[in-house]
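For reference, the chains in residue letters:
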Amino acid sequence: MFVELAYIYYIQTENYTMKSGAADEYVTETPRSRELHERATAVMPGGDTRSVTYHKPYPSYVLSASDCRIVTDDDAELIDFLNNYTQSVLRHAPPAVVKLVTDRFGRENGVGAPTEDAVILAERLVSRVPFIEQVRFGNSGAEATMNAIRTAMAYTGEETVLKIHGGYHGTHHTVEVAVEDDGREHAGIPQDVERQIATVPFNDVDALKPRFERRGDEFACFILEPLMGVAGAIPPELELLETARDLTADHEVPLIFDEVMTMRLAYGRAKERYGVTPDLTALGKFIGRRLPIEAFGGREDIMNVFHPEDGVAHHSGTFNANPATMAGGIATLDALDAVAIDQLNELGDRLRRKARTVVASHNLDITVTGDSSMFQLHRASGPVTDAESAAAETDAFAELFLEMRNRRIFITPPGIGNLSVPVDDAKINKFLAALNDSLAAIDG
Ligand code: PMP
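Keep in mind that what you see is a predicted model, and the values were worked out from it rather than measured.

## Remarks on the site of the ligand
Alright, step 1. Neighbouring the ligand are the residues S140, G141, A142, Y168, H169, G170, E225, V230, D258, V260, M261 and K285.
Alright, step 2. The backbone of G141 places a nitrogen or oxygen atom 2.8 Å from an oxygen atom of the ligand.
Alright, step 3. At a separation of 2.7 Å, a nitrogen atom of the ligand approaches a polar side-chain atom of D258.
Alright, step 4. Burial of the ligand by the protein amounts to 83% of the accessible area it has alone, namely 390 Å².
Alright, step 5. When the residues that make up the shell around the ligand are grouped by side-chain class, the tally is five nonpolar, four polar and three charged.

Here it is, written out as structure tokens:
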């Protein structure tokens, strides 16, 4: 019954009709995931507790992961080209790190007092990224952007936030405005908050200047990802970042780089990759290895708003800097050195170059974007330079995703992908072969 419903939903209720039967094959191969999804829908809205991991007809449930492989509850082994949205940059579950983190957890994991672990991870971050002079920890990338914005508000006394149209910075009021253009980002967000957000398209230097001329002195901060991640792995025009730096400096507005994703692109973050220094940086994802973490930091004079004696603002959290996470983070930063990042980036360059050749041999509008170890396949004719030119999520995306998934390659329905350290040329070749066969099935 459910099989029929899932498939009929696909072919009848959307504008797009799947030609290749990818959903049929998926449903046939994933009975256990279907069963788990049915149980999940009884207790979670839509069976889901993380909107991005949902896809039609239902997601595959995962049993385990090691190296760059995922084993699903349906016994399928997939090569992981998603890596929890860039978070898992090193291999999944290496025994030495599992032991380190569990040993630390076994000793003590949060008693309401500081530990040396946080000092060490903060030292690692500060020495790696010179423009992060002071740092604080929390538990998610959303907290990192929320806290960085709040830091800037406390420092400037202003309340208006300039962000990039379509830019994703996690799930909290301020940054959920102007993300998807589908109306959903407005529900549950106070109108006062919405009024405090100004936006500008990515890579549009001409639009940026008048924004600052008109309202520059009202801005508490300008927050952007140096490369737009979830919105489409869209690289920046260097002029945009340089102009953003100049304008924010002229108006004394803190420039915040959200590097929750892009921190993997270069050893010294985007400064090294794109040559521009922010005032504050939001970090998350891989610095906690597989455990929840955030860090936000930057100029000492700005971060001092949280000084416990003289600061004007308060920041706390029961799980902030919990020792097991800090231990995982230290091990991760030590392992992901400049050599590892360079290797990863070379592989990423190769993947995008070859993927473009594969795409060109088919009669479909697909554009490959990205930089370093991040990429995205857009079902759009390109060029993709901002959220508007990135294709909207449609069932056409879902079809490519399911075709790839059926060939044991895991990306996301919108085509987001990235590389982790255990990926080698052989796995990239598997990706490219799957892409070629998937496009042929859709094109055919
Ligand atoms: N900023 C960016 C750029 C992100 O991509 C994400 C999540 N993908 C976040 C912030 C939020 O991170 P988290 O999901 O850990 O809250």
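## Quick look at the sheet that holds strand β11 (residues 367-371)
Alright, step 1. Taken in spatial order, the three strands of this open sheet run β11-β12-β14, and their pairing is antiparallel. Of all the strands in the sheet, the pair left with one neighbour each is β11 and β14 (416-418). The average undirected angle you get between the axes of adjacent strands in this sheet is 20 degrees.
Alright, step 2. Summarising the sheet, strand β12 (residues 374-378) and β14 pair through three bridges and their orientation is antiparallel. Of the residues in β14, the one forming a bridge with F375 is G417.

## A word on the confidence of the model for the protein chain
Alright, step 1. In the predicted model, the protein chain carries a mean pLDDT of 91, and 93% of its residues have values of at least 70.
Alright, step 2. Of the regions scoring below 50 in pLDDT, residues 1-16 engages in 30 contacts with residues more than four places distant in sequence or in other chains.

## Here's the deal with the packing of aromatic side chains
Alright, step 1. Counting across every chain of the model gives seven aromatic pairs.
Alright, step 2. Note on Y26 and Y58: the rings are 5.5 Å apart at their centroids and 40 degrees apart in plane angle, and the pair reads as tilted. Taken together, the residues span a long stretch of sequence, with Y26 in helix α2 (residues 22-29) and Y58 in the loop between α3 (31-43) and β1 (62-66) at a distance of 32 residues. Comparing Y26 with Y58, the two get one shared label, buried.

## As for the sheet that holds strand β13 (residues 409-410)
Alright, step 1. Spatially, β1-β2-β3-β13 is the arrangement adopted by the four strands of the open sheet, whose pairing is mixed. Either end of the sheet is taken by a strand with one partner, and the two such strands are β1 and β13.

## A short note on the pattern of salt bridges
Alright, step 1. Overall, the coordinates contain 18 salt bridges when judged by the stated rule.
Alright, step 2. One salt bridge connects R195 with D192, and the closest N-O pair in it is separated by 2.6 Å. Residue R195 and its partner D192 are both found in helix α9 (residues 191-195); the two are separated by three residues, about one turn of the helix.
Alright, step 3. Each of R245, D279, R299 and D301 takes part in a single network of salt bridges with overlapping partners.

## Comments concerning helix α15 (residues 338-360)
Alright, step 1. Its 23 residues place the ends of α15 33 Å apart at the C-alpha level, agreeing with the 33 Å of an ideal helix rising 1.5 Å per residue.
Alright, step 2. All of the buried residues along α15 are A340, I341, L344, N345, L347, G348, L351, R352, A355, V358 and V359.

## Comments concerning the environment of G170
Alright, step 1. As for its position among the elements, G170 is in the loop between β5 (160-164) and α8 (173-176).
Alright, step 2. Put simply, G170 and I234 are 64 residues apart on the chain and 17 Å apart in space, counted from C-alpha to C-alpha.
Alright, step 3. Sequence-distant contacts of G170, that is, excluding residues within four places in its chain, are made with A142, V175 and E176.

## Some details on the environment of V52
Alright, step 1. With respect to the secondary-structure elements, V52 resides in the loop between α3 and β1.
Alright, step 2. Judged by its relative accessible area of 39%, V52 falls in the partly exposed class.
Alright, step 3. A sequence separation of 361 residues divides V52 from P413, and the C-alpha atoms of the two residues are 9.1 Å apart.

What counts as what
Residues numbered from 1 in each chain as written. Predicted model: local features only at pLDDT ≥ 70, side-chain atom pairs only at ≥ 80, totals over all residues. Heavy atoms only, no water. Near = heavy atom within 4 Å. Polar contact = N/O pair within 3.5 Å; in protein donor to acceptor, adjacent residues only side chain to side chain. Areas by Shrake-Rupley, 256 points an atom, 1.4 Å probe, with all protein chains shown as cover. Nonpolar A, V, L, I, M, F, W, Y, C, P; charged D, E, K, R; others polar. Pairing = 2+ DSSP bridges. Helix = DSSP H or I, 4+ residues; strand = E, 2+ residues; numbered from the N terminus. Axes fitted to C-alpha atoms, helices over the stretch in contact; angles between N-to-C directions. pLDDT = per-residue confidence, 0-100. Contact = heavy atoms within 4.5 Å. Phe/Tyr/Trp six-rings, centres within 6.5 Å; stacked < 30°, edge-to-face > 60°. Buried < 20%, exposed > 50% of the residue type's maximum accessible area, 1.4 Å probe, protein only. Salt bridge = Lys/Arg side-chain N within 4 Å of Asp/Glu carboxyl O. Expected span 1.5 Å × (residues − 1).

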